[in-house]
Amino acid sequence: MPMPKIHEVGDRVRSSVALHTEKKREPRLRPRQHLKKKLRHKPTKVAIFRYSYYAPAFKYFIEQVLDCEYLRLPDPTDRNIELGSLYSSDYVCTPFKHILGDFIEALELGADIIVQTGGPCRLGYYGELQESILRDLGYEFTMLNFSHGIEKGYVGWAKEVLKVVNPDLNIPHAVRQLIATGGMMSKLDEAHDFYLANRGFEVEKGSFDRAWTALSDAFDACKTDRDITEAFRIAMERFHEIALDKPENPLRIGVVGEFFTAIDENSNLHLERKLTDMGIEIHRMINFTNRYTHYNEPNLRRGASKYLLYDMGPTSTMTVAAALSYAQQGFDGVVHAKSAGCTPEIDCVPVLQQVSADYGMPILYLTYDAQTSDTGLDTRLEAFYDMIAMKKEKHL
Amino acid sequence: MTEAFLGIDIGSISTKGVIIDDGGEIIARSYLWTEGNPAQATKNVIAELREQIDEGDVKVRGAGTTGSARRLVGAMLGASVIKNEITAHAVGTTYVHPDVRTILEIGGQDSKIICVSGGIAVDYAMNTLCAAGTGSFLSSQAHRLGVEVEEFGEIALTSQNPANIAARCTVFAESDLVHKIQVGYARQDIIAGLCQAVASNYLNNVGKGKKIEAPVVFQGGVSKNVGVVAAFERLLDMPVIVDADGHLMGAYGVALLARDAGASATDTSEGGAFASGAFDFEAALDFAYTTRETHCGKCANNCEIILVYRDKDLVDAWGNRCEKGEVMKARERKAAK
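Computed from a predicted structure; not experimentally measured.

Our focus in this paragraph is the overall build of chain B. In terms of helices and strands, chain B carries 11 helices and 13 strands. Computed over C-alpha atoms, the radius of gyration of chain B comes to 22 Å, within 12% of the 20 Å expected from 2.2 N^0.38 for 337 residues, which places it in the range of a compact globule. Overall, chain B is about 70 × 55 × 35 Å in size when its C-alpha atoms are taken along their principal axes. Expressed as a percentage of the 337 residues in chain B, the buried residues total 50%. A fraction of 64% describes how many contacts in chain B between residues 6 or more apart in sequence connect residues 24 or more apart.

Moving on: the domain arrangement of chain B. All names here are of chain B. Its domain assignment divides chain B into domain 1 (2–88 + 250–288), domain 2 (98–244) and domain 3 (291–336). When each unit is reduced to the centre of its C-alpha atoms, the spacing between domain 1 and domain 2 is 29 Å. Classifying every residue of the side of domain 1 that touches domain 2 by side-chain character gives two nonpolar, three polar and no charged.

Let us look at the environment of Arg50(B). Residues and elements named next belong to chain B. Looking at the element boundaries, arginine 50 is found in helix 1 (residues 38–52). Between the C-alpha atoms of arginine 50 and serine 30, which are 20 residues apart in sequence, the distance is 9.9 Å. Those residues in contact with arginine 50 that sit more than four places away from it in its chain are Glu55 and Phe281.

All names here are of chain A. Spatially, four strands are ordered 2-1-3-4 in an open sheet, and the strand pairing comes out parallel. Of all strands in the sheet, those bounded by a partner on one side alone are strand 2 (69–70) and strand 4 (142–145). Sheet topology places strand 3 (residues 113–116) next to strand 4; four bridges connect them, and they run parallel. Bridge pairing links valine 115 to leucine 144 in strand 4.

This part is about the nonpolar core. In this structure, Val46(A), Ala323(A), Tyr124(B) and Ala255(B) are the most contacted members of the largest nonpolar core, which totals 179 residues. Take this core: its biggest share by element is 10 residues, from helix 7 (residues 187–205) of chain B. In contact with Tyr124(B), other than residues within four places in its own chain, are Ala383(A), Met387(A), Ile86(B), Lys112(B), Ile113(B), Ile114(B) and Cys115(B).

Each partner contributes to the interface: chain A provides 19 residues, whereas chain B provides 16 residues. If you list the elements that add at least two residues to the side of chain A that touches chain B, you get helix 3 (78–86), helix 14 (343–359) and helix 15 (374–395) of chain A. Top element by residues in the side of chain A that touches chain B is helix 15 of chain A. It accounts for nine residues. A per-class count over the side of chain A that touches chain B returns six nonpolar, five polar and eight charged.

Quick look at the domain arrangement of chain A now. Residues and elements named next belong to chain A. Looking at the assigned domains, one finds that chain A contains domain 1 (43–169), domain 2 (178–246) and domain 3 (248–396). Computed over C-alpha atoms only, the centres of domain 2 and domain 3 are separated by 23 Å. Residue-level contacts link 10 residues of domain 2 with 14 residues of domain 3. Across the side of domain 2 that touches domain 3, the residue classes tally to four nonpolar, three polar and three charged.

Residue and element names in this part refer to chain B. Relative to the 18 Å expected for 13 residues at 1.5 Å per residue, helix 9 (residues 249–261) spans 18 Å between its end C-alpha atoms, a close match to the ideal helical length. Within helix 9, 11 of the 13 residues are buried, leaving the element largely enclosed by the surrounding structure. Inspection of helix 9 places Met249, Gly250, Ala251, Tyr252, Gly253, Val254, Ala255, Leu256, Leu257, Ala258 and Arg259 among the buried residues, and these make up the whole buried set. The first or second residue beyond helix 9 is glycine 262, which carries a positive phi of 85 degrees.

With an omega of -5 degrees, the peptide bond running from Ala214(B) to Pro215(B) counts as cis. Counting through the fold element by element, Pro215(B) comes out in the loop between helix 7 and strand 9 (216–219). With a phi close to 50 degrees, Leu269(A) is a non-glycine residue in the positive phi region. Taking the number of C-beta atoms within 10 Å as the measure of exposure, Leu269(A) has 20 and is therefore buried. Although it is not a glycine, His270(A) sits at a positive phi angle of roughly 55 degrees. Within the secondary structure, His270(A) is located in the loop between strand 5 (252–257) and helix 10 (271–277). Take His270(A): there are 15 C-beta atoms within 10 Å of it, and that puts it in the partly exposed class.

Note on strand geometry: in a regular strand, side chains alternate between the two faces of the sheet. All names here are of chain A. Counting buried positions over the seven residues of strand 7 (residues 333–339) gives seven, a clear majority of the element. Here strand 7 shows a buried face lined by Gly333, Val335, Ala337 and Ser339 and a second buried face lined by Val334, His336 and Lys338. Judged from the five bridges that link them, strand 5 and strand 7 form a sheet pairing that is parallel. Residue pairing across strands places valine 256 opposite histidine 336, the latter belonging to strand 7. Here strand 7 runs beside strand 8 (residues 363–368); their pairing, made up of six bridges, is parallel.

It should be kept in mind that the predicted coordinates are not to be read in detail where pLDDT is low. In the predicted model, chain B carries a mean pLDDT of 84, and the fraction of residues at 70 or more is 93%. Reported confidences for the modelled complex are a pTM of 0.85 and an ipTM of 0.84.

What follows concerns the packing of helix 4 (residues 94–108) of chain A against helix 5 (residues 123–136) of chain A. Residues and elements named next belong to chain A. Put simply, helix 4 and helix 5 touch, their axes get as near as 11 Å, and they point 40 degrees apart. Between helix 4 and helix 5, the crossing angle belongs to the class labelled oblique. Along this stretch, helix 4 crosses helix 5, giving a crossing that reads as right-handed. Note on element contacts: helix 5 touches helix 4 through Leu123, Tyr126, Gln130, Ile133 and Leu134, opposite Pro95, Phe96, Ile99, Leu100, Phe103 and Leu107.

Below, the discussion takes up the sheet that holds strand 4 (residues 58–66) of chain B. Residue and element names in this part refer to chain B. The five strands lie next to each other as 3-2-1-4-5, forming an open sheet whose pairing is mixed. On the outer flanks of this sheet lie strand 3 (26–33) and strand 5 (81–82), each paired with one strand and no other. Of the strands in this sheet, strand 1 (2–10), strand 4 and strand 5 touch helix 2 (residues 70–77), which is tilted by about 155 degrees from strand 4. Those strands touched by helix 9 are strand 1, strand 2 (14–21), strand 3, strand 4 and strand 5, and its axis lies near 135 degrees from that of strand 1.

Parameters and conventions
- Residues numbered from 1 in each chain as written.
- Chains lettered and ligands numbered in written order.
- Predicted model: local features only at pLDDT ≥ 70, side-chain atom pairs only at ≥ 80, totals over all residues.
- Helix = DSSP H or I, 4+ residues; strand = E, 2+ residues; numbered from the N terminus.
- Rg over C-alpha atoms; globule rule 2.2 N^0.38 Å.
- Buried ≥ 20, exposed ≤ 12 C-beta atoms within 10 Å, placed from the backbone.
- Contact = placed C-beta atoms within 7 Å.
- Domains from an automatic or database assignment.
- Nonpolar A, V, L, I, M, F, W, Y, C, P; charged D, E, K, R; others polar.
- Pairing = 2+ DSSP bridges.
- Core = buried A, V, L, I, M, F, W, Y, C linked by C-beta atoms within 7 Å.
- Expected span 1.5 Å × (residues − 1).
- pLDDT = per-residue confidence, 0-100.
- Axes fitted to C-alpha atoms, helices over the stretch in contact; angles between N-to-C directions.
- Parallel < 35°, antiparallel > 145°, perpendicular 65-115°, else oblique.
- Left-handed = near helix turned anticlockwise from the far one by under 90°.

Here's what the structure looks like:
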C-alpha cells in the first residue's frame with residue numbers, strides 16, 4: 001500500500017475534525033443577516049405639495065437624492081382648496097391655501113415628512129406658519145423646510161437634509177442626483193414649452209395629452225441621469241411626430257404672472273388648457289428653469305430698462321420682461337395671472353398697462369381667489385379670444 | 001318676404017330681445033325683467049317680439065344668445081350663436097357707431113369697459129371680484145329711499161349740491177348713505193351723490209388704467225339713468241352718447257353675429273324651434289323647458305351638472321369638469337349602440 005500523500009492526510013484529518021465538531025454544534029437554522037442601518041427601519045414617506053407638472057422631478061428628488069419613499073398625491077379636487085381655505089387666514093394669498101390643503105391630504109395618506117420649498121416672497125415664511133397650523137390640528141410629522149439653512153446656500157440645505165431626513169446620505173451620490181433632478185426639471189419645461197406652442201393645433205384631439213402622460217410616466221420610472229436623457233429623447237420624438245394643422249400665422253398669447261398661479265393648472269383653473277383648446281399658440285417664459293436655473297435678474301432687467309429701474313420683487317422682472325418681449329415679437333395678447341393678494345404682481349400691473357399702451361397689445365388681467373369660478377374665467381377668455389381674433393382678421 | 005334674425009340677451013336683472021332684418025335694422029324690440037326665471041322671461045320676450053312683426057312676411061332664420069343665461073336659452077332655442085356679452089356689445093356698438101373709441105357698460109350685476117380702435121375692440125376690462133356700483137346696487141338703494149329706480153336720474157338732475165358718498169365698496173357706500181339720510185340731507189342731493197358714486201366707482205375700478213377717448217358710448221340698463229350719464233360727462237369732461245336702443249345693444253350684437261353665421265349654422269334638428277327652417281314662435285312658446293341640477297359624484301369635485309330638458313328630451317347638459325361627467329356624450333354613445 002503506497003504511502004498517502006501528505007495533503008491527503010491533511011484532508012482526512014480536516015474532514016474528521018469537521019465531522020466531529022459538526023455534531024457538537026447547535027444547528028443554526030438561518031444565518032444571521034447584518035442589515036444595513038436604513039433597511040432596519042420602514043422607509044420614510046415624503047410628500048411635496050402639488051405643483052403643476054413637476055411631480056416626476058419631485059419623485060426623483062425624494063427617491064434618488066433623499067433616498068426616501070415618495071408619496072404621490074392623487075389628482076386634486078375641490079376638497080384640496082376647501083381644506084386649505086378652512087384652516088388659513090382669509091387674506092393670505094391663494095398658493096398658501098392650496099399648499100396647506102395638499103399637506104393635509106398628504107398627512108392623511110400617511111406622510112412622515114412634508115417638504116416646503118420656501119420661496120422668494122412671503123412664501124419663504126409660509127413653512128413655519130403651515131407647520132404650526134398643522135401641529136395645532138394635531139398631526140405628527142417632520143417638516144423639511146428649505147427656508148432653513150437658506151443663508152448658507154447648498155451647504156445649509158445639505159445640513160438641513162442630513163439633520164431632518166436622512167443622516168446616512170451619501171453626499172457625492174446625492175449631489176450627482178441633485179444635478180440630474182435639475183436636468184429633469186429643465187427637460188420637463190422644455191417639453192412643456194413645445195406642448196403649449198402646439199397643443200392647440202393637433203389633428204387628433206387628445207394626442208398631446210396622451211404624449212404628455214407618457215412623458216410623465218417615463219420620467220417617473222427614471223433612476224439615473226441616463227434614464228432621463230433617454231426618456232426625454234423618446235418623448236420628444238413622439239411629440240414631434242404628432243400631426244399638426246397649424247396655420248402659418250396663428251394667434252399667439254404669452255402667459256405671464258406669479259410663480260405659482262401662472263404655472264399651476266389647479267390654481268389657474270386650467271388656463272393653458274382652455275387657451276390651447278381655442279387654437280392659440282401659448283408661450284410662457286416663467287417656469288422653474290427660467291426662474292432658477294438660468295435666472296439672471298440684472299440681465300433680464302436690462303432688456304426692459306425702459307420700464308424697470310430696480311428689482312421689484314420675486315417674479316416682477318420676469319413678468320415685465322416677458323410681456324415686453326412678447327409685445328416686441330408681435331404677439332396678439334398677453335394674459336397676466338396672479339393670486340388675490342399677491343403684492344409683487346399687483347405692482348407689476350401699472351407697468352404692464354404702460355407696455356400694453358406703448359405696443360398696442362391687449363393684456364388680460366386675471367386674479368385668482370379660492371372662490372373663483374370657471375364661468376367668469378370662460379367669459380373673459382372667450383371675449384379676449386374674440387377680440388384678438390377679430391383684430392388679427394382685420395389686420396391681415 | 002324678409003329674412004330676419006333673432007338676438008336675445010338674458011341678463012341677471014333684465015332680458016332683452018331684438019329681431020333684425022338682413023340689412024341690420026331692428027324691426028322688433030323687447031325689454032323685460034328676468035325676475036329670476038330666464039326661461040320664462042325669454043318666452044315673454046319672444047311673445048312680445050312676435051306681436052311686433054308680421055309672421056307671414058318675416059322669417060327668422062337664425063338666433064343668437066348672450067348674457068349670463070346664454071347657454072341655457074341657447075339650448076332652448078337651438079341658437080346658432082352663443083356669445084359672451086363683451087363680444088356682443090362690441091359688435092353691436094361698432095356697427096351702430098363705427099367711429100366709437102370707448103364703450104362703457106353698466107348692467108345689473110357686472111360692468112365693463114371696451115376700448116375700440118379702428119372699428120374693432122382692442123382692450124377690455126370687466127369688474128372683478130365684486131358688483132359694487134352696478135344696477136342692482138342702484139335699485140336696492142332706490143328701494144331704501146322709497147323712489148322708483150326709473151325716476152332716479154330725473155331727481156338727481158334737480159340737485160344743486162350732490163352729497164359725497166364713498167364709492168369704493170357697496171357696503172361702505174350704504175353705511176355712508178344711511179348716515180347722510182339720518183343727518184337730514186335733501187333726498188335729491190343723496191340721489192345725485194349716489195349717481196356720482198356709481199360713475200366714479202366705475203372709473204376707479206373697471207376703467208382704471210384704460211385710456212378713455214371720445215367718442216364715448218354708454219350702455220346697459222344704468223345708461224337710462226340720466227343722473228349717471230351727467231356724472232360721467234362731468235368726470236370725463238367729454239360728451240357721453242346714449243342711444244335709444246343702448247340697453248338692447250347686447251341682443252343687437254348677437255343678432256348681427258347670428259346673421260353673419262347665416263341660416264346654415266342653425267340647428268334644424270327634429271323637435272327644435274328651427275325644425276321647419278324658420279323660427280316657429282308657436283313651438284318656442286309651447287315647449288316646456290325644465291332645468292334639473294344633478295351632482296356627478298364620481299370624485300370629490302362633485303361637479304354640479306345642469307341638465308336642460310325640452311318637454312321630456314334632454315337637449316343640453318354642462319357643468320362637468322372632466323370626461324367622467326359627460327352626460328351628452330354618454331347619451332350619444334348609448335344611442336350609437
